[in-house]
Every structure is written in structure tokens, then in C-alpha cells.
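Below, each chain spelled out in residue letters.
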Protein chains: 2
Amino acid sequence: MENKGNFGQAASVPAARERPTLKTIAFMTGLGVTTVSRALKDAPDIGAETKERVRMVARQLGYQPNRAGVRLRTGKTNVIALVLSIDEEIMGFSSQMVFGISEVLSGTPYHIVVTPHSHSKDPMLPVRYILETGSADGVIISRIEPDDPRVRLLTERGMPFATHGRTDAGLTHPFHDFDNEAFAHQAVERLVKRGRRRIALLQPPSKLTYYAHIRIGFQTGLHDYGAEEVPLRVNTDAPLADIRDVVEVMMRAANAPDGIVCSAGSAAIAVNAGIEAAGKALGRDLDMVSKQSVPILNWIRPEIITAQEDVRQAGREMAKAVIARIDGVEPELLQSISQPIWPENGR
Amino acid sequence: MENKGNFGQAASVPAARERPTLKTIAFMTGLGVTTVSRALKDAPDIGAETKERVRMVARQLGYQPNRAGVRLRTGKTNVIALVLSIDEEIMGFSSQMVFGISEVLSGTPYHIVVTPHSHSKDPMLPVRYILETGSADGVIISRIEPDDPRVRLLTERGMPFATHGRTDAGLTHPFHDFDNEAFAHQAVERLVKRGRRRIALLQPPSKLTYYAHIRIGFQTGLHDYGAEEVPLRVNTDAPLADIRDVVEVMMRAANAPDGIVCSAGSAAIAVNAGIEAAGKALGRDLDMVSKQSVPILNWIRPEIITAQEDVRQAGREMAKAVIARIDGVEPELLQSISQPIWPENGR
DNA sequence: CATTTCTACTGTATCGTTACAGATTGCATT
DNA sequence: AATGCAATCTGTAACGATACAGTAGAAATG
């Protein structure tokens, strides 16, 4: 609780041991509350010497503006809402993102509020809540669809936001994305260089935008390097057991692939299990390339060829983008795409 | 921003399209603002019919109390701060905890604010910040030490909190913990049942409380089932590469262990790599038991014997505990310990 | 009938901050 | 000397909610 009584002090000035407010500083400097407020904001109508004096006292007292006061008066919440899908990732995907974001926010007055939601439920709910209650100055969302209704709504309402992933319907907004097209293309290249020609793709669910990016990169890769696709009837969102089973069946078939491209690290673990269940071996019977956000796959099978997606970096970029957007920077200038990193030798 | 101008309406009553406040409801019901406030809190001095009427209108309008207003007036933030160590876990440990917490908070007015900090820096910093700025009603912390200064400080200041892990210095406080002693004991039991007698332990850093729990369970296990310890000079916090190297050396030695107990899932991956680098095989030359918070190890090596720690459940328990503590429930009643879950056959 | 008691409701002040509309001062200009 | 004009500083009101100290009217009490 922030409110404690004032003991043995003039009622209007916070006691020394209380948390200091503008009033405290005003009292100590002999200035008016308004002057102190404006001095701390470096307003042009306050004398240089006064500003200096106020800043000194404020620092001395360890003054921190009361967030509730600011928020009530100005509507500025100093909150960035991170909307996460609960089932987003089994492996620390979202934690890395949180850490990346908070790295950037730690130098600012912003706090992160995490708003998870099960993606079986309506993904619009958390966004609507934030808009209706005005509970954040900016929003970060992921699992973006080509014509994402959340992006539409946030744009329409003028709420600053950044996305992890792009849209594809003429919507302009801040985003950070991994170059999934480049990844898939380069993945095929690597497989073909190892003499693989019959390649399967474990792709993301088709409703997400990057499904298309992966597909295009994959297909131009097949074309450019002369390989063909072996269809795989399961996506990265499927339960790991399903992925394993489907891959096992595929690998036992006569026309089994000799290469697999996998668009998610956790799914790669299941794919690997399916391969082994079919009695095949990576490096011998086939090769696998996978994207991963946490460097773990090579600990499992050094033979897996991995591309790293730096999710913490993504978090940083998005945090910077939202803040810039809040500060009025044009969305066009707040878009970035990161390239896959191919560690030369796992580990 | 929460503040928009009022267009074409009496200045004192929010326009219909604005977010409704108590004033809106007061206007619509013809009651005073105070009455509305008290009616919504179900205060005893308001008539039953009036309460009903106010509630109806409030629901109709989708009224949600303005958090800044409440916070400014009462000091109640409706925020639970989750203090996370950035390097806590490579694998989705913390995300699971966040999801567990938010499951519980979703039915309440509480929000989660995530406050990460690098544990190379002073772990007291975030806690001090929260206390000084009064920015939360409750706190959740992890990586607890036997005489944890954060626990001392929070207790001293009367800030409700819950911990993931216990202290061991006569401090009474809400916590949720995994029964690491039972885990280590049962782990040894399982190894001995498979005929293993020379067992190594990959233990947590000794400053954490559960180091002692693991040690005791391990040692009584060795004693009860008749086995001996092979020392392992590295802990679960070490870089994975270090763990692998140390384990490899150990496994190549003449007196290599035939069993390993591992207190963290991510470390188990590195231990496994070390074993394989030394040319040994799980199930043949030795067995390994590991705790894990995300069911991943058996996808890597089905031979690893795993015990599951349900971190999402831990999150739920801690969230419930902090809220109960905020509501004045005695700390003694808010302590829980979860047992290791041994899935009969991995997967 | 006067008085007390109770029920149901309300006005005012306040939390900390900032927008806004002044107010004061000194100094240069007429 | 009067006026204008920066340059500085300040009081008041307001954001939305609630604690507190009432008030009005009805009902119970004597």
C-alpha cells in the first residue's frame, strides 16, 4: 500500500520517511509544485539554475514519479503489454522474448505486463481488453496472420504496437520478423549440397503469415538447387507424438525423403524421434535442417543442421519499435528482419 | 491514452462512447457517485434494490474501475510482480510459471508485471525497487537461498509474497516447492533397482536451499539402498559445454559411475552429451535419472529416467498463495510441496 | 408528540500529477 | 514615466476512486 499516515508533520508535506512526491521537493526547494513538475520535465519556462536545484534535490531524495498520479492525470500508463499465446512454444521461446524486451525497457519508465491467452479461445480478447481499459501504452503480439484482425483493430484504434511476424494485406505497422524465406531456401541449399534431393518440409500452420514465407523459400530452393518435395501431412503446431508418428510412417515408406526441413526447434525433436523409430539415421540415410530459438538441437543430435533465430534480439527490436511508435515515429521506419544464423558446427 | 475530450455533452458526465466511470453510472441511475461506489462494493449501508440497479447499469455499460484512480486513492496496485532471474533456465521454465500464475490471476483484478534481472547483478535490486515504489501488492521470487535476504526484506516490510523454493533459517513465509529430497532419494532407488551402485550427482549450486534437499535425499538414498557416490565437480548452473566436458572426463576415468542423478533438465542434455562423447551408452554402461520441468528428455533419449516437476502448477500455487496472503491469510497455511511425478514410460 | 435510532444515501476532501490560465519581476522600448 | 514583453514562477482544477463525516427521512422509542 502506498498510503501511510503522516506522523507529526504538517499535514500537507509528506514526512521524511515517506516516499517523496513533488510536494516534498517543492517544500524543500521553496518552489511551487507546478514549478517542480515542469523543472523535472525540462520545460522551457523554468530557469536553468532552478532546474538544476530541483534535479539535485529530486536525486537526493530518490524521487520517482508516482505512476498512478501520472496515469490518472495524463492517461499514460508506462506499460507495454506482451500478449502471449499459452501454447506458443514448449521451449523457452517466450521467456527469451520477455528477457529481450525487458533489457530494452529497463532503461525506461516502462514495465512489461504479460497477458497470456489460450489460443483455443478468441485471440482478440486480450487485445480488446487492453484497448477498452486503456491499460497499456503499447502492445506486442505474435503468431501473426496475413490479414491479422488484431493488427487491424490496433491500427484502427491508434494503439502503438509491434508484431513478431508480418502481415500481408497492405497493412503497414512496426514488426520484427525472422527471414523464414531465406531460412527455407538456405536449408534446401544445404541439403542439396549434401546430395539430398527428395526433401520433406515440416511447415507451420497455414494460417500464419510465415507459412507462405517458408513455402516460397522452400519451393524456390527446390527449384534453384534441383530437388523435389516429399509431402508431409502435419504441421509444427501438432502434438509432438503426432509429428513423430507421421514422420515415422513417412520414413518407412518406399519413397521416403532423404532430407527434412523443420521450421521449429521443438518439432525437430519429434521429427528426430520419428526418424529413429523408423530405423533411419541422420547423416547416413538423410539429413535434417531445423530452425531453433534455443541452442539445444545439437546437444541432442550433432548431425542436425541448425539455423539460429535470436528471439531475445527479436524482443529487443520489438520493444524499441513500440517505444518509438509511442514517440510518434512512422511505422515504416520500425520494421526489421533478422537473418538466420548458421553456426558452423552446432554447439 | 485514457483521456479524450467530451464532445457535446455536459462537461461533468462522460460522453456515452467514452469509457464509463462511476460518474456515468451515477448519472444514469440518478444516484451519487459515492453511493455507486459503495453499491458496487456491496457495502451494508446501501439498499438491496439500489445495489441491484447499480450492478445492472454497470454491467450494461461494461464498467471497469479505473486502475489509476483506485491505485492513487487506496494504494492498491492490483499488480503481482514476478521477479525472474534472466539466466534462470534455458528451457521454458519461466514461461510455464508465468502461464500458471496468469491462469489463476485471470479470474481476478490482478495483472502480472515481469521484472527480470541478471543474477550476476544484485538480486535485491528488483525487490527494493518494488518496495520503494510500492509498485505491486505482492511478489513472487525464485532461486531461494536458506537465509534469503529478499525474503527477510519482504517480510520485514510486510509485503505479501510467495517463493518458489524454501528458506531454512526460521523464516515463515508462503512458498511452493518441489520435493527435491524425495526426488533424489527415489532417483537413487531407481538406479539401484537397475543394479547401479556407483552414482554421481549433478547438483544445484550450493547457495540455493534445495541443494541441501537434493544432497540429503541423495545421501539417505545411497545409504538406504546401499550405493556409493562418485563425486562430480560441476553444478547445474555451469555452462552446458562445461558440464559436458566434466562428465566426459568422469566417464572416461577408470572409476566412472554407473549411475547419474541430474537435478535439472537442461543440464541433463549436456550430461548426456558427455556420456556419449566418452563412448558410453545409457541403459548399457550406466543409467541416468533427471528431473525436468518440460517433458523433453525422453524425446532425446528414451533411456533417461525422468521425474516431472510441474512448474505450471507451481505457478498456480504461488499465485493463489500471494493473493491469499494479500487477503490476510497466515503464511503457515500457504505452504505446499509437490511430489515428483514418474511417468511410467517416458513420452 | 418529541426524541432517538436506524436506513439509505450524499458532499467534500484527498491521493500525485499535469494542463491551463494567470501573476510577478525586471528590463528595454516608447 | 508609461508601456510592452520576455522570462519565471504559481494557484487552481481536474483525472477516477474512496474515506469520512455528514444528512434526510422513516421508524421505533419513551
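Residues numbered from 1 in each chain as written. Chains lettered and ligands numbered in written order. Predicted model: local features only at pLDDT ≥ 70, side-chain atom pairs only at ≥ 80, totals over all residues. Heavy atoms only, no water.

Chain A goes by LacI family transcriptional regulator in an unreviewed UniProt entry, where it is assigned to Rhizobium lentis.

A. A look at the protein's contact with DNA strand D. Taken together, 26 residues lie near DNA strand D, and A:T35, A:T50, B:K41, B:Y63 and B:R73 sit nearest. Put simply, 56% of the atoms of DNA strand D that lie within 4 Å of the protein are in sugar or phosphate. Between A:D45 and DNA strand D, the recorded distance is 3.2 Å, taken from a side-chain N or O atom to a base nitrogen. In the environment of DNA strand D, a phosphate oxygen lies 2.8 Å from a nitrogen or oxygen atom belonging to the backbone of A:G47. Put simply, the parts of the chain that give the surface near DNA strand D at least two residues each are α2 (33–40) and α4 (67–74) of chain A together with α1 (22–29), α2 (33–40) and α4 (67–74) of chain B. (Near = heavy atom within 4 Å. Polar contact = N/O pair within 3.5 Å; in protein donor to acceptor, adjacent residues only side chain to side chain. Helix = DSSP H or I, 4+ residues; strand = E, 2+ residues; numbered from the N terminus.)

B. Region of interest: the nonpolar core. Residues A:I243 and B:I243 are the most contacted members of the largest nonpolar core, which totals 62 residues. When sequence neighbours within four positions are dropped, the list of residues in contact with B:I243 reads B:L202, B:V234, B:N235, B:T236, B:A238, B:A267, B:A270 and B:V271. (Core = buried A, V, L, I, M, F, W, Y, C linked by side-chain atoms within 4.5 Å. Buried < 20%, exposed > 50% of the residue type's maximum accessible area, 1.4 Å probe, protein only. Contact = heavy atoms within 4.5 Å.)

C. Focus on the protein's contact with DNA strand C. Neighbouring DNA strand C are 26 residues; A:K41, A:Y63, A:R73, B:T35 and B:T50 lie closest to it. For DNA strand C, the backbone makes up 57% of the atoms found within 4 Å of the protein, where backbone means sugar plus phosphate. In the environment of DNA strand C, a phosphate oxygen lies 2.8 Å from a nitrogen or oxygen atom belonging to the backbone of A:L22. In the model, a base nitrogen of DNA strand C is placed 3.2 Å from a nitrogen or oxygen of the A:G69 main chain. Of all the secondary structure elements, the ones that give two or more residues to the surface near DNA strand C are α1 (22–29), α2 and α4 of chain A together with α2 and α4 of chain B. Broken down by element, the surface near DNA strand C gets its largest block of residues, four residues, from α4(A). Here the surface near DNA strand C is composed, by residue class, of eight nonpolar, 13 polar and five charged. (Nonpolar A, V, L, I, M, F, W, Y, C, P; charged D, E, K, R; others polar.)

D. Structural view of the interface of chain A and chain B. Taken together, the contact pairs 50 residues of chain A with 50 residues of chain B. Counting every contact that joins chain A to chain B gives zero salt bridges. Counting the contacts that link chain A with chain B gives seven residue pairs in polar contact (both at pLDDT 80 or more). Those elements that place two or more of their residues in the side of chain A that touches chain B are α4, β1 (79–85), α5 (93–105), β2 (111–117), α6 (124–133), α10 (240–252), α11 (265–277) and α12 (297–300) of chain A. By residue number, the principal contributor to the side of chain A that touches chain B is α4(A), which donates seven residues. Its residues placed into classes, the side of chain A that touches chain B shows 23 nonpolar, 16 polar and eleven charged. Sheet topology note: the β2(A)/strand β2 (residues 111–117) of chain B ladder contains three bridges and is antiparallel. From the neighbouring strand, A:V113 faces β2(B), where its bridge partner is B:V113. (Salt bridge = Lys/Arg side-chain N within 4 Å of Asp/Glu carboxyl O. Pairing = 2+ DSSP bridges.)

E. Representation of the packing of aromatic side chains. Inspection of the entire model under this criterion finds four aromatic pairs over all chains. Here A:F178 and A:F183 contribute two aromatic rings whose centre-to-centre distance is 6.2 Å and whose plane-to-plane angle is 50°, an arrangement assigned as tilted. What makes A:F183 buried here is its relative accessible area of 0%. Aromatic side chains B:F183 and B:W342 sit 6.0 Å apart centroid to centroid with 15° between the ring planes, which places their arrangement in the stacked category. Separated by 159 residues along the polypeptide, B:F183 in helix α8 (residues 180–193) and B:W342 in the segment after β11 (335–338) bring together distant segments of the chain. The burial state of B:F183 is the same as that of B:W342; both residues are buried. What links up through ring pairs into an aromatic cluster is the set A:F178, A:F183 and A:W342. When the ring centre of A:W342 is taken as reference, the NZ or CZ atom of A:R190 above it lies at 3.9 Å. (Phe/Tyr/Trp six-rings, centres within 6.5 Å; stacked < 30°, edge-to-face > 60°. Lys NZ or Arg CZ within 6 Å of the ring centre and 35° of its normal.)

F. Layout of unusual backbone geometry. All names here are of chain A. A positive phi angle, near 55°, is found at N78, a position not held by glycine. By the secondary structure assignment, N78 is in the loop between α4 and β1. On the basis of relative accessibility, which here comes to 13%, the residue N78 falls in the buried class.

G. Spatial organisation of the pairing of strand β5 (residues 175–178) of chain B. Residues and elements named next belong to chain B. Of the two faces of β5, the one lined by F175 and D177 and the one lined by H176 and F178 are each fully buried. Bridge count between strand β4 (residues 161–164) and β5: two bridges; the pairing is parallel. Paired with T163 across the two strands is F175, which belongs to β5. Taken together, the four bridges between β5 and β11 define a ladder with parallel strand orientation. Bridge assignment links F178 to a residue of β11, and that residue is S338.

H. Fine view of the packing of α10(A) against α11(A). Residue and element names in this part refer to chain A. Two elements in contact, α10 and α11, have axes whose closest approach is 7 Å; the angle formed by their N-to-C orientations is 40°. In terms of axis orientation, α10 runs oblique to α11. For α10 against α11, the interelement crossing comes out right-handed. Listed contacts from α11 to L240, I243, R244, V247, E248, M251 and R252 of α10 are S266, A267, A270, V271, A273, G274, I275 and A277. Residue classes in the contact of α10 with α11 are distributed as ten nonpolar, two polar and three charged. (Axes fitted to C-alpha atoms, helices over the stretch in contact; angles between N-to-C directions. Parallel < 35°, antiparallel > 145°, perpendicular 65-115°, else oblique. Left-handed = near helix turned anticlockwise from the far one by under 90°.)

I. Structural context of the side chain of A:S135. Tracing the backbone shows A:S135 in the loop between α6 and β3 (138–142). Setting aside anything within four residues of it in sequence, one finds A:S135 in contact with A:R71, A:T77, A:V79, A:Y129, A:I130 and B:H111.

J. Inspection of the relation of the copies chain A and chain B at higher detail. Superposing chain A onto chain B takes a rotation of 180° combined with a translation of 0.0 Å along the rotation axis, leaving an RMSD of 0.1 Å. Between the two chains, the operation in question is that of a two-fold axis. A shared binding surface is used by both copies, with 100% of the interface residues of chain A retained as interface residues in chain B. (Least-squares fit on C-alpha atoms with pLDDT ≥ 70 in both.)

K. Region of the structure containing the sheet that holds strand β11 (residues 335–338) of chain A. Read across the open sheet, the twelve strands follow the order β11(A)-β5(A)-β4(A)-β3(A)-β1(A)-β2(A)-β2(B)-β1(B)-β3(B)-β4(B)-β5(B)-β11(B); overall the sheet is mixed. For this open sheet the edge positions go to β11 of chain A together with β11 of chain B, each flanked by a neighbour on one side alone. The average angle at which neighbouring strand axes cross in this sheet is 20°, direction not considered. Direction of pairing for β1(A) relative to β3(A): parallel, over a ladder of three bridges. Bridge pairing in β3(A) places A:L82 opposite A:I140.

L. View of α4(B). Every buried residue belonging to α4(B) is among B:R67, B:A68 and B:R71, and all of these are buried. Each buried residue of α4(B) sits inside an arc of 95° when the element is viewed along its axis, so together they form one side. Against the buried residues of α4(B) lie α4 of chain A together with β1 (79–85) and β2 of chain B. Where α4(B) begins, the capping side chain belongs to B:N66, and its oxygen is found 2.8 Å from the backbone nitrogen of B:A68. (Arc of directions from axis to C-beta.)

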